[in-house]
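Notes for the structure review
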Amino acid sequence: MKNYLMFAIVLLMTFPLCAQDDAPADTSYWKKGGVGSITFSQVSLTNWAAGGENSVSLNGFLGLFSNYAKDRTTWENRAAFGYGIIKQGDEDFSKSDDRINLSTQFGYKLTKEKGNWFFSSLLDFKTQFVEGLDAEGNRISAFMAPGYLLLASGIDYKIGDKFTFGFAPITGKFTFVTDDDLAAVGAFGVDPGKNSRAELGTFVKLFYKDDIATNVNYETRLELFTNYVENFGNIDVNWENILFLKVNKFLTANLQTQLLYDDDIDIGVDTNDDGTLDEFGPRIQFKSVFGVGLTYTFGDKDQ
């Protein structure tokens, strides 16, 4: 039921946007807008000799931005919400995507003249909507389990609206596991029995967005963090990519990928195929979501 509820929330957040008329250009120092998409896929098999299973999936995504720029001051605010469900064969629906990402960043240009360097401060928050289950039905994640809060101060180098490189030598990374059962076993790098963990380190980010071909837009974000105190040099990685292929005003195909590596998260694998997880350690996590469906872009052109 929770899977249906969360997809309905994303659906209701997205569909009203499609009914908006194009707003007049904003002549203030603010640029606001976003993109909402709903994708659907289905596989139906009858007497298919090669085998396989029927499947159906739904994915919803909503991205919003509100950016301010005047003289030497910038303030960038972003929100991204994604939720997806999938059903294969006779199995119940399970989630295939689940994310909440909120960020706000203040920047101040180093020089009065035209330039590319900014002092910057960033607050970034990530979590998910609902619990996640493993293949056996055991809860392995939940809302705010984990939750990540990043506070960073440093410098940014920007080339127009398309490219940003950021370096923050003073960064606090906070991991929250508010589910007591998960906290008891030390999930997501917290000490067993604790509900949070604080790290001090350095943070590097890269951002690029552009139309790489007619009606094809590509966006990538790479975030790197290393802890000064514990295992310095071990790098946590978050790399996200979004490729939009526009057919017309509403119909698009999109591919979203995310690669994660966190040295503090142990993932179990079955090394001898006996059905039991017998080796645990940090591993590369990868997710991809591809779909064809309805997409609506509204407001000002994103920065």
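I will try to describe carefully the structure that is included in this document. (Residues numbered from 1 in each chain as written. Predicted model: local features only at pLDDT ≥ 70, side-chain atom pairs only at ≥ 80, totals over all residues. Heavy atoms only, no water.)

**Comments concerning the pattern of salt bridges**
- If you walk through the whole model with that rule in mind, you get 17 salt bridges.
- Close ionic contact of Asp97 with Lys287 constitutes a salt bridge, the shortest N to O distance being 2.8 Å. Residue Asp97 is found in strand E4 (residues 94-109), and its partner Lys287 is found in strand E16 (residues 285-299); the two are separated by 190 residues along the sequence.
- A relative accessible area of 27% means that Lys287 is categorised as partly exposed. (Salt bridge = Lys/Arg side-chain N within 4 Å of Asp/Glu carboxyl O. Helix = DSSP H or I, 4+ residues; strand = E, 2+ residues; numbered from the N terminus. Buried < 20%, exposed > 50% of the residue type's maximum accessible area, 1.4 Å probe, protein only.)

**What about a negative patch on the surface?**
- Taken together, the side chains of Glu53, Asp90, Glu91 and Asp92 make up a negatively charged region of the molecular surface.
- By relative accessible area, which is 55% here, Glu91 ends up exposed. (Patch = residues over 30% accessible without salt bridge, like charges linked within 9 Å, V, L, I, M, F, W, Y side chains within 5 Å. Areas by Shrake-Rupley, 256 points an atom, 1.4 Å probe, with all protein chains shown as cover. Lys, Arg positive; Asp, Glu negative; His and termini not counted. Charge placed at Lys NZ, Arg CZ, Asp CG, Glu CD.)

**Details of the pairing of strand E12 (residues 235-246)**
- Sheet analysis places strand E11 (residues 216-227) next to E12, joined by eleven bridges and oriented antiparallel. Directly across from Phe225, in E12, lies its bridge partner Asp236.
- As judged from the ten bridges shared by E12 and strand E13 (residues 251-261), these two strands associate in the antiparallel manner. Across the sheet, residue Ile242 finds its bridge partner in E13, namely Gln256.
- Connecting E12 to the antiparallel partner E13 that follows it, the hairpin turn spans four residues. (Pairing = 2+ DSSP bridges.)

**Notes on the environment of Leu110**
- Relative to the helices and strands, Leu110 is located in the loop between E4 and strand E5 (117-127).
- What makes Leu110 partly exposed here is its relative accessible area of 37%.
- Considered as a pair, Leu110 and Arg72 are 38 residues apart in the sequence and their alpha carbons are 7.8 Å apart.
- In contact with Leu110, not counting residues within four places along its chain, are Arg72, Trp117, Phe118 and Phe119. (Contact = heavy atoms within 4.5 Å.)

**Quick word on the side chain of Thr127**
- Along the chain, Thr127 falls in strand E5.
- When its relative accessible area of 8% is taken as the criterion, Thr127 is described as buried.
- In this structure the side chain of Thr127 is engaged in a polar contact, spanning 3.0 Å, whose partner is the backbone oxygen of Pro146.
- When sequence neighbours within four positions are dropped, the list of residues in contact with Thr127 reads Arg99, Ile100, Ala142, Phe143, Met144, Ala145, Pro146 and Gly147. (Polar contact = N/O pair within 3.5 Å; in protein donor to acceptor, adjacent residues only side chain to side chain.)

**So, the sheet that holds E5**
- The strand order E1-E2-E3-E4-E5-E8-E9-E10-E11-E12-E13-E16 describes a closed barrel built from twelve strands, whose pairing is antiparallel. Within this sheet the neighbouring strands show an average axis-to-axis angle of 20°, counted without direction.
- Here strand E8 (residues 147-159) pairs with strand E9 (residues 163-176) via twelve bridges, running antiparallel. When the bridges of E9 are listed, Tyr157 appears paired with Phe165. (Axes fitted to C-alpha atoms, helices over the stretch in contact; angles between N-to-C directions.)

**Observations concerning the nonpolar core**
- Of all hydrophobic cores here, the largest spans ten residues; its members are Ala142, Ala145, Tyr148, Val177, Leu182, Ala183, Ala187, Phe188, Val190 and Ile265.
- In this structure Ala142 touches Thr127, Gln128, Val130, Glu131, Gly132 and Leu182, once residues within four positions along its chain are discounted.
- In terms of nonpolar packing, the next biggest core, distinct from the first, is built from eight residues, Leu62, Ala79, Phe129 and Val130 among them. (Core = buried A, V, L, I, M, F, W, Y, C linked by side-chain atoms within 4.5 Å.)

**Comments concerning the packing of aromatic side chains**
- What the rule picks out here adds up to nine aromatic pairs.
- With a centroid separation of 6.1 Å and 65° between ring planes, the pair formed by Tyr29 and Tyr68 is classed as edge-to-face. Taken together, the positions of Tyr29 in the loop between helix H1 (2-18) and strand E1 (30-43) and Tyr68 in strand E2 (residues 55-70) put the pair 39 residues apart, joining distant regions of the chain.
- Given a relative accessible area of 46%, Tyr29 falls into the partly exposed group.
- Measuring from centroid to centroid gives 6.5 Å for Phe81 and Phe129, while their planes differ by 35°, and the two rings are tilted. Here Phe129 lies in the loop between E5 and strand E6 (132-133) and Phe81 lies in strand E3 (residues 73-88), a separation of 48 residues in the sequence. Both residues of the pair, Phe81 and Phe129, belong to the buried class. (Phe/Tyr/Trp six-rings, centres within 6.5 Å; stacked < 30°, edge-to-face > 60°.)

Bear in mind that shape data such as this cannot, by itself, settle questions of function.
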